[in-house]
Amino acid sequence: MLKGKDIINTAQFSLQELDLIMNTAVSFEKRVKDGEVIKNMEGQVVAALFFEPSTRTRLSFETAANRLGARVITVASAASSSAAKGESLADSIRTVDGYVDVIVMRHPMKGSAQIAADNAVHPFINAGDGSGQHPTQALLDIYTIRKEKGTLSGHTVTFVGDLKYGRTVHSLGYLMALYGNKMIFVSPKALRMPEEITADLRSRGAEIEETDDLKKALSVSDIVYVTRIQKERFENPVEYEKLKGLYIINRALIDQAKKGITILHPLPRVDEISTDVDDYEGAAYFRQAHNGLYVRMALLALVTGRV
Ligand code: CP
């Protein structure tokens, strides 16, 4: 079903494809935890091209490839590639495509994922394109929600923070809509979810409320998805200074939230979740980061037809 396909954004997925990804990830999680030496991608090479900083996405993709028996070639920064000499993205991708079986790429430009996919014969996976999308994050988010809550439907989900530049919320919004969840968007006015995304989600039947009242939103939410203010996307640092720290989740706030609320965050965090929340049992953000390994194993194996 996914063999040979590119992963560009979350609007592309059907429920059947998502089921396949989730079930494949469950299987790989079990095999890794059982200590199996997995060889699904033996003989294959994965390119991990990261033109923007990353800890979780790059290292979990590289671990996923290694755990599958593949080898990895890496660009860990734009400065270390010929992008620094002015090479176009299209030329770089056409070159790398001749070396490998699948390409994973993070790039600061919104829309770069489609350009890269259009210039690759092999499957391409978007690991974050500027303020556009981060589909593999959203897939690990729903894997986590399924594990933490037992179901992907019927939840009220609050998204809080930088909804304008935060590509993870753009991606997860589509999946939450597909599964019929209610969404509450909490942000400063300057960082609201882009109107074209809100309108598109509503046209797909999503129930959406927008507010700046975080405490009230948390009182009715089953899940809160917290995001960092994306400092690197601001043209004016003064604007960033004005907006940072407006919404901080601390233990006192969680104690007043709906009982059993699950807290997710794609990480890295700066100060938007206080460390006094970390030992709350519903604080799932480090479990979420670990789940990325199994979901990315599933994606690599599925798009290369090795599962
Ligand atoms: N969540 C996420 O994309 O983290 P990194 O930026 O560390 O990859």
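Scroll up to find the structure this text is about.
Below: a short report on this structure. (Residues numbered from 1 in each chain as written. Predicted model: local features only at pLDDT ≥ 70, side-chain atom pairs only at ≥ 80, totals over all residues. Heavy atoms only, no water.)

**Here's the deal with the side chain of E17**
Where we set the bar: Only DSSP runs of H or I reaching four residues or more are called helices, and only runs of E reaching two or more are called strands; each is numbered from the N terminus. Note on exposure labels: buried denotes an accessible area under 20% of the residue type's maximum, exposed denotes more than 50%, and partly exposed covers the range between, all computed with a 1.4 Å probe on protein chains only. Distance and chemistry together define a polar contact, namely a pair of N or O atoms within 3.5 Å, with one atom able to donate a hydrogen and the other to accept it when in protein, and with adjacent residues in sequence counting only for side-chain atoms on both sides. Contacts are residue-level and defined by heavy atoms, with any inter-residue pair within 4.5 Å sufficient.
Tracing the backbone shows E17 in helix α1 (residues 15–33). When its relative accessible area of 8% is taken as the criterion, E17 is described as buried. At a separation of 3.1 Å, a polar atom in the side chain of E17 contacts the side chain of K5. Non-local contacts of E17, meaning those with residues more than four positions away in its chain, are made with M1, L2, K5 and Q12.

**Digging into unusual backbone geometry**
Geometrically, the link from L267 to P268 is a cis peptide bond, its omega value of 5° lying close to zero. Position of P268 relative to the elements: it lies in the loop between β9 (262–264) and α11 (285–303). The backbone of L267 shows a phi angle near 65°, a positive value even though the residue is not glycine. By secondary structure assignment, the location of L267 is in the loop between β9 and α11.

**Looking at the site of the ligand**
Heads up, the rule is: Nearness of a residue to a molecule or strand requires only that one of the residue's heavy atoms be within 4 Å of it. Values of accessible area rely on a 1.4 Å probe in the Shrake-Rupley scheme; residue burial ignores everything except the protein chains shown. Amino acid classes used here: Ala, Val, Leu, Ile, Met, Phe, Trp, Tyr, Cys and Pro are nonpolar; Asp, Glu, Lys and Arg are charged; the rest, including Gly, are polar.
As a matter of local geometry, the ligand sits amid S54, T55, R56, T57, R106, H134, Q137, P266 and L267. Between the ligand and S54 there is a distance of 2.6 Å, counted from an oxygen atom to a side-chain nitrogen or oxygen. T57 is positioned such that a nitrogen or oxygen atom in its side chain is 2.7 Å from an oxygen atom of the ligand. In isolation the ligand offers 260 Å² of accessible surface; the protein chains occlude 91% of this area. Considering only residue class, the shell around the ligand consists of two nonpolar, five polar and two charged.

**Concerning helix α5 (residues 135–149)**
Spacing of three or four residues puts side chains on the same side of an α-helix, whose turn is 3.6 residues. Selection rule: To estimate the expected span of a helix, count its residues, drop one, and scale the result by 1.5 Å.
End to end, α5 covers 21 Å across 15 residues, agreeing with the expected 21 Å (1.5 Å per residue, within 8%). With eleven of 15 residues buried, α5 lies mostly within the body of the structure. Along α5, the positions that sit buried rather than exposed are P135, T136, Q137, A138, L139, L140, D141, I142, Y143, T144 and I145. In the segment just after α5, G150 is the residue with positive phi, at about 85°.

**Points about the pairing of strand β5 (residues 156–160)**
Let me state the cut-off plainly: Strands pair, by our definition, only if DSSP identifies at least two bridges between them. A clockwise course of the path from the first strand over the helix to the second, judged with the strands pointing away from the viewer, identifies a crossover as right-handed.
For β5, the tally of buried residues reaches five of five residues, placing the bulk of the element in the interior. The alternating pattern of β5 places T156, T158 and V160 on one face and V157 and F159 on the opposite face, and all of these are buried. Relative to strand β6 (residues 182–186), β5 runs parallel, the two being bridged by five bridges. Counted as the bridge partner of T158 is I184 from β6. One crossover worth recording links β5 to the parallel β6 by way of helix α6 (residues 167–178), and it is right-handed. Here four bridges tie β5 to strand β8 (residues 223–226), and the two strands are oriented parallel to one another. Bridged to V157 within β8 is I223.

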